[in-house]
Amino acid sequence: MTHPNGEAWDAAGPLSVRVIEKTGRCRHEVGDVFEYRDPYARPDGLCHAAAAALEPYLWRSALGFPSWEAGEPEIYRIHCPSRTGIVLEMTRAAPPTTDTDL
């Protein structure tokens, strides 16, 4: 079934964001994971600075546009605005399964 917003919305898979590096003071820790059900649904617990750094790349990743990562075009690695902050790794996540998918 096509989403009321169209096929592009259907193609925009959920996103998984994981903290992969921490170089300074930050409330997030390496290994923290945040799930976007869609590019507009900021996950609870993700700070505003990290969310703002991800924002320009959410739709690109959700729609499968390749990143700048040589050999890993499905992965976006984004540094938060603080020079001593965190590095986030964003990928498309597998859509959740429901009983209707079985």
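A brief look at the structure comes next.

Calculation notes
Residues numbered from 1 in each chain as written. Predicted model: local features only at pLDDT ≥ 70, side-chain atom pairs only at ≥ 80, totals over all residues. Heavy atoms only, no water. Pairing = 2+ DSSP bridges. Helix = DSSP H or I, 4+ residues; strand = E, 2+ residues; numbered from the N terminus. Axes fitted to C-alpha atoms, helices over the stretch in contact; angles between N-to-C directions. Buried < 20%, exposed > 50% of the residue type's maximum accessible area, 1.4 Å probe, protein only.

Brief notes about the sheet that holds strand 4 (residues 86-92)
Here we have four strands laid out as an open sheet, ordered 2-1-4-3, and antiparallel in their pairing. Strand pairing shows two members of the sheet lacking a second neighbour, strand 2 (33-36) and strand 3 (76-79), which therefore form its edges. In this sheet, adjacent strand axes meet at a mean angle of 25 degrees when their direction is disregarded.

Some details on the environment of Leu 58
Position of Leu 58 relative to the elements: it lies in helix 3 (residues 58-62). Since its relative accessible area comes to 5%, Leu 58 is described here as buried. For the pair formed by Leu 58 and Asp 38, sequence separation is 20 residues and the distance between their alpha carbons is 8.6 Å.

Just distances and angles here, no functional claims.
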